[in-house]
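A closer look at the structure
Spelled out, the chains give:
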Protein chains: 2
Amino acid sequence: MSFDDTNEWLTPMEMAERCGVSAETLRYYEREGLLDRVARGEGNHRRYSADDVAWVGVLRCLRVTAMPIREMKRFAELVRLGDAGVADRVELLEAHRVEVLAKRAALDDALQMIDHKIDVYRRSLAGPPTADTAGRSTTPTLGGRGVRSRP
Amino acid sequence: MSFDDTNEWLTPMEMAERCGVSAETLRYYEREGLLDRVARGEGNHRRYSADDVAWVGVLRCLRVTAMPIREMKRFAELVRLGDAGVADRVELLEAHRVEVLAKRAALDDALQMIDHKIDVYRRSLAGPPTADTAGRSTTPTLGGRGVRSRP
DNA sequence: CCTTGACTTGGAGTGCACTCCGGGCTGTTG
DNA sequence: CAACAGCCCGGAGTGCACTCCAAGTCAAGG
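It is worth spelling out the pattern of salt bridges at this point. Taken as a whole and judged by the stated rule, the model has 16 salt bridges over all chains. Glu30 of chain A is the partner of Arg46 of chain A in a salt bridge, and the nearest nitrogen-oxygen pair spans 2.7 Å. In this pair, Arg46 of chain A is assigned in the loop between helix H2 (23-31) and helix H3 (50-64) and Glu30 of chain A in helix H2, connecting sequence segments 16 residues apart. With its nearest N and O atoms 2.4 Å apart, the salt bridge here joins Arg97 of chain B to Asp115 of chain A.

Here's what the structure looks like:
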C-alpha cells in the first residue's frame, strides 16, 4: 500500500467496483448525459475523479428509489445550470420524495401481509396432521371458488 | 344498491378495477400460470370469484415487493400442491422477506440522502445572493474535478 | 336484422435499463 | 517481437413485465 491509498484517479474497473455498478453502466450513464464527459488519461482511457464517485453516489440514490433515467437526466441538467437550477431541483426532489414515501408505505403493507402468511404457514407446519386440520389447505387457494351461484 | 353489494362474480373489467391492475395483466397472469384457469360464464367470458380477488391481492403483494414473475410462478405451483407445499412456501417467502428488508433499508438510506439534499438546496435558496455565497455551486457538480494531479 | 360493446384468442409490439459484441488501439510483460 | 490486458467506440441484443393488436364470438338493444 502506498502512503496515500485514496488514489487521485480511478480506472473504469476501479470506479465500477467503488460505485457498485458495472463499467458498462458508467459508460451508459455518460452517454445518456447523466455524467459529464469524464476526464481521460493515457490512450484516451477514462479517469474518474472523487467528484465523479460522489455524483454517481447521488445517481445511485435516485435509481435505487426507482427514479426513471429520464428524470435523472433532467436532474443532471438542473445541476449543470448551477445556482439557477436549485429551485427546480428542490421541486423535482420533493416530488420524487413523495413517490418514494408512497412506495415505502406500499412496501411495508405488502411486507406485513408476507409476514402474516409466513406466520400462518408456520402454524400449519407446527401441528398439521391432526384429525381436525388434516387435508385442509392453508391458503385461499389460487382461484378456488367457494359455494356460490353459477356465473 | 342491492341487499348484497358483494357481487358473486366479477367481469374482467370489474376485477381489474377491484385489484388495481389491467384486465390484460389478469389475462397475462393466467397465461403464466399465476392464476388457475378462471371460471367462465356466458359466451366463454371470464368470471372472477372472491377467492380470485384474494389471490390476486397476494400476487400484488409479491409484485410490489419486486418478486420476479418466475418466482411467483413457483409460489403458485407450491400453493397448488396444497399442504405438501407449505414448507417450501415458508422457505420461499422467508428468502423473499430478507430481500425485501434489504431493499427497504437501501431505500431508507437513499431517502435520507435525498432529504439531506433537499435541505441543503433549501438553505441555499433561503439566503444565496450574499457576498460570501454568491456564485458558488451548492452541489458536488456532476463530475467537476478538483485541484489534483493530471490523470 | 344490424349494430354495439364487452369479451375471446394467439401473437406481436413496447419501454426500460442495462449488457454484450466486434473491431481496433495502446502500454506492459515474457 | 508476440501475446495479453484493459480500454475505446457505436450499435445491436437481452430480459422483464406488461400492453396492444386483429380477427372473431356472443347477447342485448334499437
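Having seen the structure, we can now continue with the description.
On to the protein's contact with DNA strand D. Surveying the vicinity of DNA strand D reveals 19 residues, the closest of which are Met13, Arg27 and Arg46 of chain A together with Arg63 and Arg70 of chain B. Counting only the atoms of DNA strand D that lie within 4 Å of the protein, the sugar and phosphate share comes to 69%. The separation between a base oxygen of DNA strand D and a polar side-chain atom of Arg31 of chain B is 3.2 Å. For DNA strand D, a phosphate oxygen lies 3.3 Å from a polar atom in the backbone of Ile69 of chain B. At the level of secondary structure, the elements contributing two or more residues to the surface near DNA strand D comprise helix H1 (12-19) and H2 of chain A together with helix H2 (23-31) and helix H4 (69-80) of chain B. Taken together, the residues that form the surface near DNA strand D break down as six nonpolar, five polar and eight charged.

Contacts to DNA strand C come from 18 residues, most closely from Glu24 and Arg70 of chain A together with Met13, Arg27 and Arg46 of chain B. Counting only the atoms of DNA strand C within 4 Å of the protein, the fraction contributed by sugar and phosphate is 71%. Within the side chain of Arg31 of chain A, one N or O atom sits 3.2 Å away from a base oxygen of DNA strand C. The backbone of Arg46 of chain B places a nitrogen or oxygen atom 2.6 Å from a phosphate oxygen of DNA strand C. Those elements giving two or more residues to the surface near DNA strand C turn out to be H2 and helix H4 (69-80) of chain A together with helix H1 (12-19) and H2 of chain B. Looking at which element gives the most residues to the surface near DNA strand C, the answer is H2 of chain A, with five residues. Broken down by class, the residue content of the surface near DNA strand C amounts to six nonpolar, four polar and eight charged.

All names here are of chain B. For H2, the set of buried residues is Leu26, Tyr29 and Glu30. Down the axis of H2, the sector holding all buried residues measures 100°, keeping them to one side. Facing away from the buried side of H2 by more than 90 degrees, the exposed set consists of Glu24 and Arg31. In this structure, the buried residues of H2 make contact with H1, helix H3 (50-64) and H4. The positive-phi residue at the C-terminal boundary of H2 is Gly33, with phi of around 85°.

Take the packing of aromatic side chains next. Residue and element names in this part refer to chain A. Under the criterion given, the structure shown has four aromatic pairs over all chains. With a centroid separation of 5.9 Å and an interplanar angle of 45°, the aromatic rings of Tyr28 and Tyr29 are classed as tilted. Their ring planes at 10° and their centres at 6.0 Å tell us that Trp55 and Phe75 sit as a pair that is stacked. Taken together, the residues Trp55 in helix H3 and Phe75 in helix H4 connect sequence positions 20 residues apart. Neither Trp55 nor Phe75 differs from the other in exposure class; each is buried.

On to the nonpolar core. Residues Met15, Leu35, Trp55, Leu62, Phe75 and Leu93 of chain B are the most contacted members of the largest nonpolar core, which totals 31 residues. Contributing elements (two or more residues each) for this core: helix H5 (86-126) of chain A together with H1, H2, H3, H4 and helix H5 (86-126) of chain B. Among the nonpolar cores identified, the runner-up in size contains 30 residues, and Val38, Tyr48 and Met72 of chain A together with Tyr121 of chain B belong to it.

Before going further, it helps to spend a moment on unusual backbone geometry. Residue Asn44 of chain A is not a glycine yet carries a positive backbone phi of 65°. Counting through the fold element by element, Asn44 of chain A comes out in the loop between H2 and H3. Even without a glycine there, the phi angle at Ala66 of chain B is positive, about 65°. When you line up the elements, Ala66 of chain B lands in the loop between H3 and H4.

All names here are of chain A. Counted by the stated rule, this structure contains zero disulfides over all chains. Lacking any disulfide linkage, Cys61 is separated from the closest cysteine sulfur, that of Cys19, by 11 Å. Judged by its relative accessible area of 12%, Cys61 falls in the buried class.

Calculation criteria
- Residues numbered from 1 in each chain as written.
- Chains lettered and ligands numbered in written order.
- Predicted model: local features only at pLDDT ≥ 70, side-chain atom pairs only at ≥ 80, totals over all residues.
- Heavy atoms only, no water.
- Salt bridge = Lys/Arg side-chain N within 4 Å of Asp/Glu carboxyl O.
- Helix = DSSP H or I, 4+ residues; strand = E, 2+ residues; numbered from the N terminus.
- Near = heavy atom within 4 Å.
- Polar contact = N/O pair within 3.5 Å; in protein donor to acceptor, adjacent residues only side chain to side chain.
- Nonpolar A, V, L, I, M, F, W, Y, C, P; charged D, E, K, R; others polar.
- Buried < 20%, exposed > 50% of the residue type's maximum accessible area, 1.4 Å probe, protein only.
- Arc of directions from axis to C-beta.
- Contact = heavy atoms within 4.5 Å.
- Phe/Tyr/Trp six-rings, centres within 6.5 Å; stacked < 30°, edge-to-face > 60°.
- Core = buried A, V, L, I, M, F, W, Y, C linked by side-chain atoms within 4.5 Å.
- Disulfide = S-S within 2.5 Å.

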